[in-house]
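Descriptive analysis of the structure
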There are 2 protein chains.
Amino acid sequence: MKNLKGRAVFAQSGGPTTVINASIAGGLIEALGQDSVTGVLCALNGIKGVLTENFVDIEKEELDELYALKNTPASAFGSVRYKLKDFEKDDADYRRILEVFKKYDVRFFFYNGGNDSMDTCDKISRFMEKEGYPVNVIGIPKTIDNDLVGTDHCPGYGSAAKYIATTLAEARLDAVIYESPLVIILEIMGRNAGWLTASASLSQVTGYGADLIYLPEVPFSMDKFCSDVKAVVEKNRICVIAVSEGIKYADGKYVGEDASQTDVFGHSSLGGVCGILKNTVKSMGFKCKAIELNILQRCAAHCASKTDIEESFESGRQAVIHAVNGETDKMIAFKRISNNPYKIECVGLDLSKIANAEKTVPLEWITPDGAHLNENFTKYALPLIQGEPERRMENGLPSFAKLKMVKFKID
Amino acid sequence: MKNLKGRAVFAQSGGPTTVINASIAGGLIEALGQDSVTGVLCALNGIKGVLTENFVDIEKEELDELYALKNTPASAFGSVRYKLKDFEKDDADYRRILEVFKKYDVRFFFYNGGNDSMDTCDKISRFMEKEGYPVNVIGIPKTIDNDLVGTDHCPGYGSAAKYIATTLAEARLDAVIYESPLVIILEIMGRNAGWLTASASLSQVTGYGADLIYLPEVPFSMDKFCSDVKAVVEKNRICVIAVSEGIKYADGKYVGEDASQTDVFGHSSLGGVCGILKNTVKSMGFKCKAIELNILQRCAAHCASKTDIEESFESGRQAVIHAVNGETDKMIAFKRISNNPYKIECVGLDLSKIANAEKTVPLEWITPDGAHLNENFTKYALPLIQGEPERRMENGLPSFAKLKMVKFKID
């Protein structure tokens, strides 16, 4: 327990989500109100902004615009694809971070990101501890992939899941209008964990779910896929399929990386998996539309989950509260207290328990045919997509946060 | 002027839109309240439902569910890809339609669709006139393509435009987070008219527009495309491009149908244009993401324009009012009375003036560099995307209209 006083630095890393800005907004606004926080800075482009002293001064921002971050997708303070080495092997970056922390009197450090970012957080925290520099380091999680261990779910997942389930329901309605057979394939993100793809099952509660769902957790068979599709089309005429970009054959090879399917330039087919499955479906004689949801699923703030936004905001707030109360080397995790009514609480979880592990969809939540989710998944995921946020609009379009981004530097 | 009394039949045709159900809802609800309408039927799957007497009885539906059609995308009563022949050459279908109209005492017929549907409407109206069978026939327009002549704009366009502008703004935010160059390409529908693609410029009013826009109206040059992209990336690091599926080279050949770009199966690349442009951009050494908006742009009811929904509903209502007042062989068109404040009125336009013509984006609304829209387009299109509709939700997902679809048949 180290009760410290000094500046707080926040940074964002990893792929963006619809609500990563809601998380950092919660943290920034909470930090601005804490007596022991003497200044609030954001490092631009993740840890790189710390290394290069590229800071913006949050005290110069309007409070309304910080709140507007709740409905602004992507990482307002940039991101970075830079991985710190182990400090036992090469501590140059860590010594530089320590130097900057000392220079700016940084006593609170918050890193907002996914798996790799939690690893970065853990390493920085342990290095500072070793060097005897008091700083409380807390990870604020985000990932649409929902694959962080130790937390009930991840900020960002609920909004992506809501977008996927909504889009699938709408596409299903679009598909049924003609009397001829039609197969629609939605390709969804997730290399190893099928959480996002599984969310395509949620719209079944309103009657518009996916007919077939293929997750990376279940070995993929093209023969079974063909017979699955044929059976659905023969029964229902249309077949709506949700497929993860990360489905693999039994030998572990990604379906989307099948070398025989590359185009004339040697590139993999655009759309990877959905392009390959579309060709397969067309060779069966059925009309097929293949849609790769691509980045739309991680930036569609116009279809975000209010639950996800509010929880993300709260996780940022709690990170500050935990740090000010003397905790370090923790990630803010969600613990589900009850499901009916749905209720969670934020807890601080040891970063060492989270970094470099990956949570996948439990096999017992997948039906024996490997192509559907059962009620356990629905019970788990449905609460996460509840509620429509109030959005600030301008000329019929979303009005995102307008930040001044005033640079802060100590010479 | 024929003031008639009898049954009204509605049908939907062509590709679905976000608001075609709003149009038919306006018509159905208005017809239910008209004394001279003795019964309200919907033919399933367009004109085919008339030919096969496949009707549903709208008087059996709950009024709330008819109103819920305002936020239900796609064609609730199905569609059809069937084109009537000219009756001078083959009048078999027309004789059958006349037989059905007589049997069901149909005195009002409403066809809700695009260009081809207006042509169908016109032919039926003229045939009935020739045969001396009194029936008032009115077309209710829809098309996201916005390419019908004689009307200021088409129901369905505003919602698709709002979805495109919103999605582009969100994707733009997603693109800027890293410090490395990135090109994002959104492929948008429209084979000959660039209205939808042009809507990608609208988010510039909030600061998040497209950097480059390529419409079918302007001959496409791959060399110019490359130099355009290079200039934007060198200046701004990221480049967001909106491209119509229908862009053509100066010789009239579709860019998306370039035979050298087919895959190993001989299929055109998935995503057509955006796949080809993505490969070009990658060969320039830039990272590129290509996203085909596909059917999402025509079914995203969760991002519809309230203005579009209300106008569509009104166009259906006005169709009934015009028919009951004795008009026939007309399409309901929008006439813009003023732009500030935005105000339109519904007028009846001769069907013969609409069928088989196509309205494209005026060349004087496109900037001299051929890759942007000027303020004339913004002034025209911005009013059409205003307002967020109230949507009925269930479990965090859209709750679409629940229709009983009770069949109606006279034996």
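What you see is a predicted model, and the numbers here were worked out from it, not measured in a lab. (Residues numbered from 1 in each chain as written. Chains lettered and ligands numbered in written order. Predicted model: local features only at pLDDT ≥ 70, side-chain atom pairs only at ≥ 80, totals over all residues.)

**Let's talk about the overall build of chain A**
Cut-off, in case you're wondering: Secondary structure elements follow DSSP: runs of H or I of four or more residues count as helices, runs of E of two or more count as strands, with numbering from the N terminus. The size measure is the radius of gyration over C-alpha atoms, and the globule rule it meets is 2.2 Å times the number of residues to the 0.38 power. Here a residue counts as buried when 20 or more other C-beta atoms sit within 10 Å of its C-beta, as exposed when there are 12 or fewer, and as partly exposed otherwise, the C-beta atoms being derived from the backbone.
The secondary structure content of chain A amounts to 12 helices and 14 strands. On C-alpha atoms alone, chain A measures out to a radius of gyration of 23 Å, which is about the 22 Å that the 2.2 N^0.38 rule sets for 411 residues. Taken over the C-alpha atoms alone, chain A extends approximately 70 × 50 × 40 Å along its principal axes. By the burial criterion, 58% of the 411 residues in chain A qualify as buried.

**Description of the pairing of strand β5 (residues 136-141) of chain A**
Residue and element names in this part refer to chain A. Here is the rule: A right-handed crossover is one whose linking path, passing over the helix from the first strand to the second, runs clockwise when the strands point away from the viewer. When DSSP finds at least two bridges between two strands, those strands are taken to pair.
Counting buried positions over the 6 residues of β5 gives 6, a clear majority of the element. Burial along β5 is two-sided: N136, I138 and I140 and V137, G139 and P141, pointing in opposite directions, are all buried. For the crossover from strand β4 (residues 106-113) across helix α5 (residues 115-131) to β5, the handedness is right-handed. Bridge count between β5 and strand β10 (residues 330-339): 2 bridges; the pairing is parallel. In the sheet register, G139 faces β10, and the bridge partner there is M331.

**Concerning helix α1 (residues 20-32) of chain B**
Residues and elements named next belong to chain B. Worth spelling out the cut-off: Here the expected length of a helix is defined as 1.5 Å per residue gap, with one fewer gap than residues.
For α1, built from 13 residues, the straight-helix expectation of 18 Å at 1.5 Å per residue is met to within 8% by its first-to-last C-alpha distance of 19 Å. Most of α1 sits inside the fold, with 12 of its 13 residues counted as buried. Residues of α1 that are buried include every one of I20, N21, A22, S23, I24, A25, G26, G27, L28, I29, E30 and A31, and no others.

**So, the sheet that holds strand β10 (residues 330-339) of chain B**
Residue and element names in this part refer to chain B. Quick reminder of the rule: Here the contact rule is simple: place C-beta atoms from the backbone, and any two residues whose C-beta atoms are within 7 Å are in contact. Angles shown run from 0 to 180 degrees and are taken between the N-to-C directions of axes, each axis being a line fitted to C-alpha atoms and, for helices, limited to the stretch in contact.
Strand order in this open sheet of 8 strands is β11-β10-β5-β4-β1-β2-β3-β14, and the pairing throughout is mixed. Strand pairing shows two members of the sheet lacking a second neighbour, β11 (342-350) and β14 (407-408), which therefore form its edges. One ladder, built from 9 bridges, connects β10 with β11; its direction is antiparallel. By the bridge assignment for β11, S338 is matched with K343. Strands β1 (6-12), β2 (37-43), β4 (106-113) and β5 (136-141) of the sheet are contacted by α1, whose axis makes an angle of about 175 degrees with β1.

**Comments concerning the domain arrangement of chain A**
Residue and element names in this part refer to chain A. Quick note on the threshold: Where each domain begins and ends follows an automated or database-derived domain assignment.
According to the domain assignment, chain A consists of domain 1 (6-155 + 304-356 + 387-408) and domain 2 (157-299). Computed from C-alpha atoms alone, the centre-to-centre distance between domain 1 and domain 2 is 33 Å. With 17 residues of domain 1 in contact, the opposing surface of domain 2 contributes 13 residues.

**Regarding the interface of chain A and chain B**
The cut-off we apply is this: Residues were grouped as follows: Ala, Val, Leu, Ile, Met, Phe, Trp, Tyr, Cys and Pro as nonpolar; Asp, Glu, Lys and Arg as charged; and all remaining residues, including Gly, as polar.
Tallying the contact residues gives 61 residues for chain A and 61 residues for chain B. Counting only elements with at least two residues in the side of chain A that touches chain B, the list comes to α6 (157-175), α9 (273-283), β9 (288-292), α10 (296-299), β12 (393-394) and β13 (397-398) of chain A. Considering each element in turn, the side of chain A that touches chain B owes the most residues, 9 residues, to α6 of chain A. Its residues assigned to classes, the side of chain A that touches chain B shows 28 nonpolar, 22 polar and 11 charged.

**Concerning the relation of the copies chain A and chain B**
Heads up, the rule is: When the copies are overlaid, the least-squares fit takes in C-alpha atoms only where the residue has pLDDT of at least 70 in both copies.
Taken as rigid bodies, chain A and chain B are interconverted by a rotation of 180 degrees and an axial shift of 0.0 Å, the fit giving an RMSD of 0.0 Å. With respect to symmetry, the two chain copies, as superposed, fit the operation of a two-fold axis. Mapped onto chain B, 100% of the interface residues of chain A are again interface residues, and the two copies thus contact each other with one and the same surface.

**Topic: the nonpolar core**
Put simply, the test is: Nonpolar cores are identified as sets of buried Ala, Val, Leu, Ile, Met, Phe, Trp, Tyr and Cys residues joined via C-beta atoms within 7 Å.
Judged by nonpolar contacts, the single largest core of 275 residues is most densely connected at I185, L186 and I241 of chain A together with I185, L186 and I241 of chain B. If we ignore the near neighbours within four places in the chain, the residues touching I185 of chain B are I241, V243, C274, L277, K278, C288, A290 and I291 of chain B.

**Focus: the sheet that holds strand β8 (residues 238-244) of chain B**
Residue and element names in this part refer to chain B. Within the open sheet, the 4 strands sit side by side as β7-β8-β6-β9. Their pairing is parallel. The open sheet is flanked by β7 (212-214) and β9 (287-292), the only strands paired with a single partner. The sheet shows a mean angle of 15 degrees between the axes of neighbouring strands, taken without regard to direction. In this sheet, β8 lies alongside β7 in parallel orientation, the contact comprising 3 bridges. From the neighbouring strand, I213 faces β8, where its bridge partner is A242. The strands touched by helix α8 (residues 222-236) are β6 (182-188), β7 and β8; relative to β8, the strand with the most contacts, the crossing angle is about 150 degrees. In the packing of helix α9 (residues 273-283) onto the sheet, the strands contacted are β6, β8 and β9, and the crossing angle to β9 comes to about 175 degrees.

**Description of the packing of α1 of chain B against helix α11 (residues 306-324) of chain B**
Residues and elements named next belong to chain B. What counts is decided by this rule: The scheme is simple: roughly parallel for angles under 35 degrees, roughly antiparallel for over 145, roughly perpendicular for 65 to 115, oblique for anything else. Note on convention: the crossing is left-handed when the near helix lies turned anticlockwise from the far helix by less than a right angle, right-handed when the turn is clockwise.
With their axes 6 Å apart at the nearest point, α1 and α11 run at an angle of 40 degrees to one another. It follows that α1 is oblique to α11 by the angle criterion. Read as a crossing pair, α1 and α11 show a hand that is right-handed. The segment α1 lies against α11, with A22, S23, I24, A25, G26, G27, E30 and A31 engaging I309, S312, F313, E314, S315, G316, R317, A319, V320 and I321.

**Topic: the environment of P16 of chain A**
Along the chain, P16 of chain A turns up in the loop between β1 (6-12) and α1 (20-32). Classification of P16 of chain A by C-beta neighbours within 10 Å gives buried; the count is 28. Sequence spacing of P16 of chain A and T38 of chain A is 22 residues, and the spatial spacing of their C-alpha atoms is 29 Å. Setting aside its immediate chain neighbours within four residues, P16 of chain A contacts P73, A74, S75, S79, R298 and C299 of chain A together with D174 and I177 of chain B.

**So, unusual backbone geometry**
N340 of chain A connects to P341 of chain A through a cis peptide bond whose omega is 5 degrees. Inspection of the secondary structure puts P341 of chain A in the loop between β10 and β11 (342-350). For N45 of chain B, which is not glycine, the phi dihedral falls at a positive 55 degrees. Note on placement: N45 of chain B falls in the loop between β2 and α2 (47-51). Located in the positive-phi region is A74 of chain B, a residue other than glycine, with phi close to 70 degrees. Its place among the elements puts A74 of chain B in the loop between α3 (63-68) and α4 (92-103).

**Comments concerning the environment of G78 of chain B**
Residues and elements named next belong to chain B. You can see G78 is positioned in the loop between α3 and α4. When the 22 C-beta atoms within 10 Å are taken as the criterion, G78 is described as buried. A sequence separation of 25 residues divides G78 from E53, and the C-alpha atoms of the two residues are 14 Å apart.

**Here we look at α5 of chain A**
Residue and element names in this part refer to chain A. The terminal C-alpha atoms of α5 lie 25 Å apart, and with 17 residues this matches the ideal 24 Å at 1.5 Å per residue to within 8%. With 12 of its 17 residues buried, α5 lies for the most part within the structure. All buried positions along α5 are accounted for by N115, S117, M118, D119, T120, C121, D122, K123, I124, S125, F127 and M128. Where α5 is buried, its residues contact α2 (47-51), α4 (92-103), β4, β5 and β10. Positive backbone phi, approximately 75 degrees, marks G132, located one or two places after α5.

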